[in-house]
Amino acid sequence: MRPPHGPGPGGANPWVRPYVLTGGRTRTRQRLHVHTLVSVPYYDPGYADLLPPEARSLYDTAHTAVQSIAELSAHCSVSLGVARVLLGDMAARERLVVNPEAYTSPYDPRLLERVIDGLHQLAR
Amino acid sequence: MGFTSSPASAPRLASAKIVVAGGFGVGKTTMVSAVSEIPPVNTEAWMTQAARTVDPLTGGSGKVTTTVAMDFGRITLAEDLVLYLFGTPGQPRFWQMWDDLSRGASAAVVLVDTRRLDASFPAVDYFENDSDVPFAVAVNLFDGEQTHRLDDVREALRISPGVPLLACDARSRESVVRTLVAALRHTMDTAAPERGGAAAR
């Protein structure tokens, strides 16, 4: 099978690895926004040992603190698209907890009020 | 009974997001740094987009993969609430990335440099026409002074009358907070609470 691109100027095709890692998928079953918070409350070393390096890094880092998909992507140097697919897989296998939305929508007035209050305190 | 589904008694952390858009070099990263508790994190994002024309030689999906850099900041607003600010990649051809970053956002701010109004036109156009996320436009005062009347900026960028337009110093935390609050208040005034989960397109 041919990779989606020919080799770049640097020689190796930078897209082959992400493509292989995710099986060419760019979407996940569960909608994970860049700011969606996830965590690994129950760490399973046996499961971790079976993961490829990128997924392992995401799994280990997600265990350290509740954080967003974007933070995990940045901390693990795994691009956002790949991180989202790998973390989506872990969530589907119930290895990763996706924080449920606490508000009905990002336009929920209760949420907006709290964000505005918090920002005002920041400026004080 | 003594069983609970949650292992911790700590409050559930919730997150909210504001998108900071605008052309390359208008001060998006400066704006994020002014309020973020962490230095803005630069991350590589990649996406697959449908090619505009299908090249028969690729023989297959007609998809190309592109990488873009974007940055974001974080503000812990309360024990149970964190706000993320995402700077969009400047180039309008990454609209798919903009859709992705805007999805689920509570508000957007389009930052404008009056010396290069055209740099932010695609961002204004995007939020005017292609996104449901309510937005405000902020004119970045690079030298601390306003060189253009806001009405002129509104006309030049064809910003709708209902969209808040304000001057802002992207280096000043106080000024950035005022801008973000203006955008959030605009959401409160205009958005139906149940619509926010809808896709941007």
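Computed from a predicted structure; not experimentally measured.

**Student:** Any chance you could explain the packing of aromatic side chains here in plain terms?
**Tutor:** Each aromatic ring pair is summarised here by two numbers: the centre-to-centre distance and the angle between the ring planes. Across all of its chains, the model carries seven aromatic pairs over all chains by this definition. When the centroid spacing of 5.1 Å and the interplanar angle of 75 degrees are considered together, the rings of A:Tyr47 and A:Tyr59 count as edge-to-face. You can see A:Tyr47 sitting in helix α2 (residues 45-50) and its partner A:Tyr59 sitting in helix α3 (residues 53-64), a full twelve residues away along the chain. For the pair formed by A:Tyr47 and A:Tyr59, the shared burial category is buried. Consider the rings of B:Tyr126 and B:Phe127, whose centres lie 4.9 Å apart with planes at 90 degrees: the pair is edge-to-face.

**Student:** Please clarify how the pattern of salt bridges should be interpreted in this entry.
**Tutor:** Pairing between side chains becomes possible if they bear opposite charge and their charged atoms approach one another. For the coordinates displayed, the defined rule picks out 14 salt bridges over all chains. B:Arg103 is the partner of B:Asp100 in a salt bridge, and the nearest nitrogen-oxygen pair spans 3.9 Å. When salt bridges with common partners are traced through the structure, they connect A:Asp49, A:Arg56 and A:Asp60 into a single cluster.

**Student:** Could you clarify how one ought to interpret helix α6 (residues 109-123) of chain A in this entry?
**Tutor:** In an α-helix, one turn spans 3.6 residues; hence positions three or four apart end up facing the same way. All names here are of chain A. Look at α6: 21 Å from first C-alpha to last across 15 residues, which is about the 21 Å you get at 1.5 Å a residue. Within α6, burial applies to Leu111, Leu112, Val115, Ile116, Gly118 and Leu119. Axial view of α6: buried residues confined to an arc of 165 degrees, hence all on one face. Where α6 begins, the capping side chain belongs to Asp108, and its oxygen is found 2.9 Å from the backbone nitrogen of Arg110.

**Student:** How do you make sense of the packing of helix α1 (residues 28-35) of chain B against helix α5 (residues 173-190) of chain B when you look at a structure like this?
**Tutor:** Two measures define how a pair of helices packs: the angle their axes make with one another and the distance between the axes. Residues and elements named next belong to chain B. Interhelical geometry of α1 versus α5 gives an angle of 100 degrees and a closest axis separation of 8 Å. Accordingly, the angle class assigned to the pair α1 and α5 is roughly perpendicular. Along the contact surface, α1 presents Met31, Ala34 and Val35, while α5 presents Arg173, Val176, Val177, Thr179 and Leu180.

**Student:** Hey, could you run me through the interface of chain A and chain B in this one?
**Tutor:** When the parts of a complex come together, some accessible area is lost, and that lost area is often used as the size of the interface. Contact residues are listed per partner, giving 46 residues for chain A and 57 residues for chain B. Where chain A abuts chain B, roughly 4300 Å² becomes buried across the two surfaces, and 68% of that area is made up of carbon and sulfur atoms. A per-residue breakdown of the area chain A buries against chain B is headed by A:His35, A:Tyr107 and A:Leu119, which together make up 17% of the total. Between the two partners, chain A and chain B, sit three salt bridges. The salt bridge partner of A:Arg114 is B:Asp80, with a shortest N-O separation of 2.9 Å. Taken together, the connections running from chain A to chain B amount to ten residue pairs in polar contact (both at pLDDT 80 or more). Where the side of chain A that touches chain B is concerned, the elements lending two or more residues are β2 (67-68), α4 (69-75), α5 (80-92) and α6 of chain A.

Reading the values: the criteria
Residues numbered from 1 in each chain as written. Chains lettered and ligands numbered in written order. Predicted model: local features only at pLDDT ≥ 70, side-chain atom pairs only at ≥ 80, totals over all residues. Heavy atoms only, no water. Phe/Tyr/Trp six-rings, centres within 6.5 Å; stacked < 30°, edge-to-face > 60°. Helix = DSSP H or I, 4+ residues; strand = E, 2+ residues; numbered from the N terminus. Buried < 20%, exposed > 50% of the residue type's maximum accessible area, 1.4 Å probe, protein only. Salt bridge = Lys/Arg side-chain N within 4 Å of Asp/Glu carboxyl O. Expected span 1.5 Å × (residues − 1). Arc of directions from axis to C-beta. Polar contact = N/O pair within 3.5 Å; in protein donor to acceptor, adjacent residues only side chain to side chain. Axes fitted to C-alpha atoms, helices over the stretch in contact; angles between N-to-C directions. Parallel < 35°, antiparallel > 145°, perpendicular 65-115°, else oblique. Contact = heavy atoms within 4.5 Å. Buried area = accessible area lost by both parts, 1.4 Å probe.

Function-wise, these values are silent; they only describe arrangement.
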